[in-house]
Amino acid sequence: MKASELRGDYSRAGSDYVVEQDWPGYSPEEHALYRKLFERQSKLVPRYACPEWIEAIAGLESAAREIPRFDRISKKLRVATGWQIVAVPGLIPDDAFFTHLANRRFPVTVWLRRPEEFDYIVEPDVFHDFFGHVPLLFDRVYADHLYEYGKGGLKAMRLDAVRMLARLYWFTIEFGLMKTPAGVRAYGAGLISSGGELAYCVDDPKPQRLPFDLERIMRTEYQIDRYQERYFVIDSFEQLMRETAPDFTPIYAHLRNLPLWT
Ligand code: PHE
Ligand code: FE
């Protein structure tokens, strides 16, 4: 997406794209809309989200009432896993994004969707970024994995392999499923923050649910504007950590010459 097509105000962002959250600037209507989104999703997550996410949200009860103050959450996060949240105007370029992750900073969009976008929004907003991503940053293994991903992103840029690595992000961090004793559950932020796809990804017989396979994922195109046709299922965050630990350099070189899965 070109910067000119993005909704956020990038005029006050520095070279790292960080801005002030300006929490007092949110209107009562925005806090109320956020709370409505939170309440709808809260009815779904006990049944559909992975245990790590559910455990983490219990410690963030203030985030249920109003748009959270990033500095307060960061204080807790720093103690738990060394991460912090930084406010950004919206989507940011790859190099800035990877650099934040590689320094244990998670960029969260400052603005909230409009009421007519309650069910669906194209660009990530503060609800998606916060509700979907931030709770899992309290999980030590997930948090370490995302830090490794950030470093891997900077390396992928040097190797001209960002598209392959972005597919990994898509099928794990955004749309990943996890096997649990109770059945398959969602850990991807795009699922956890979605009013419709969260139940779909677990209950619906239509989509494929394939075991995590790094090379297969890196060769799989994805759609950003509809429910996924396939999900990849991990056994645990430890497995995700382990299977992404090897040096990707030879994997990128090998996959570059192979066709994509359709
Ligand atoms: N192991 C990857 C590499 O060598 C880095 C990475 C780790 C990427 C974890 C994604 C997730 O490039
Ligand atoms: Fe996201």
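Heads up: the structure comes first, above all this text.
The structure displayed is predicted, hence computed values, not measured ones.

Engineer: I'd like to hear about the overall build of the protein, residue by residue, with values.
Structural biologist: Of the regular secondary structure elements, the protein holds twelve helices and six strands. The C-alpha radius of gyration of the protein comes to 18 Å, within 12% of the 18 Å expected for a compact globule of 262 residues. Principal-axis analysis of the C-alpha atoms places the extent of the protein at approximately 50 × 45 × 35 Å. Across the 262 residues that make up the protein, the buried fraction comes to 52%. Surface exposure of the protein reaches about 12,600 Å², of which carbon and sulfur atoms provide 53%. Taking the 34 positively charged and 38 negatively charged side chains of the protein as two groups, their mean positions are separated by 2 Å.

Engineer: Tell me about the environment of Arg12, and please be specific about residues and values.
Structural biologist: When you line up the elements, Arg12 lands in the segment before helix H1 (28–48). Put simply, Arg12 and Val88 are 76 residues apart on the chain and 9.9 Å apart in space, counted from C-alpha to C-alpha. Excluding residues within four positions of it along the chain, Arg12 makes contact with Val18 and Val19. There is a polar contact of 3.3 Å between the side chain of Arg12 and the side chain of Asp9.

Engineer: Which residues make up the site of ligand 1, and what are the values?
Structural biologist: The local shell around ligand 1 consists of His145, Glu148, Tyr149, Gly152, Lys155, Leu165, Leu168, Thr244, Ala245, Pro246, Asp247 and Phe248. Within the side chain of Lys155, a nitrogen or oxygen atom sits 2.5 Å from an oxygen atom of ligand 1. Between ligand 1 and Ala245, the relevant distance is 3.4 Å, taken from a nitrogen atom to a main-chain nitrogen or oxygen of the residue. In the complex, the protein chains occlude 93% of the 330 Å² of accessible area that ligand 1 would expose alone. Counting residues per element, the ones that place at least two in the shell around ligand 1 are helix H6 (140–158) and helix H7 (162–174). By residue number, the principal contributor to the shell around ligand 1 is H6, which donates five residues. Tallied by class, the residues present in the shell around ligand 1 amount to six nonpolar, three polar and three charged.

Engineer: Would you mind going over the coordination of the iron ion (ligand 2) in detail, with residue names and values included?
Structural biologist: Reference geometry at the metal: tetrahedral coordination by four donors gives ideal angles of 109.5 degrees; octahedral coordination by six donors gives 90 or 180 degrees. Looking at the iron ion (ligand 2), the protein donor atoms are His128 (NE2), His133 (NE2), Glu174 (OE) and Glu174 (OE), and they sit 2.0 to 2.8 Å from it. Considering all four donor atoms around the iron ion (ligand 2), angles at the metal cover 52 to 139° and the coordination shape is irregular. All donor residues of the iron ion (ligand 2) come from one chain, and their arrangement in sequence is H-x4-H-x40-E. Separated by 46 residues along the polypeptide, His128 in helix H5 (residues 126–133) and Glu174 in helix H7 bring together distant segments of the chain.

Engineer: With reference to specific residues and values, describe H1.
Structural biologist: Every α-helical turn comprises 3.6 residues, leaving residues that sit three or four positions apart pointing alike. Compared with the 30 Å implied by 1.5 Å per residue over 21 residues, the 30 Å span of H1 between its first and last C-alpha is a close match. If you check which residues of H1 are buried, you get His31, Leu33, Tyr34, Leu37, Phe38, Gln41, Leu44, Val45 and Tyr48.

How each quantity is defined
Residues numbered from 1 in each chain as written. Chains lettered and ligands numbered in written order. Predicted model: local features only at pLDDT ≥ 70, side-chain atom pairs only at ≥ 80, totals over all residues. Heavy atoms only, no water. Helix = DSSP H or I, 4+ residues; strand = E, 2+ residues; numbered from the N terminus. Rg over C-alpha atoms; globule rule 2.2 N^0.38 Å. Buried < 20%, exposed > 50% of the residue type's maximum accessible area, 1.4 Å probe, protein only. Areas by Shrake-Rupley, 256 points an atom, 1.4 Å probe, with all protein chains shown as cover. Lys, Arg positive; Asp, Glu negative; His and termini not counted. Charge placed at Lys NZ, Arg CZ, Asp CG, Glu CD. Contact = heavy atoms within 4.5 Å. Polar contact = N/O pair within 3.5 Å; in protein donor to acceptor, adjacent residues only side chain to side chain. Near = heavy atom within 4 Å. Nonpolar A, V, L, I, M, F, W, Y, C, P; charged D, E, K, R; others polar. Donors = N, O, S within 2.8 Å, 3.2 Å for Na, K, Ca; no water. Tetrahedral: all angles 85-135°; square planar, octahedral: opposite > 155°, others 65-115°. Expected span 1.5 Å × (residues − 1).

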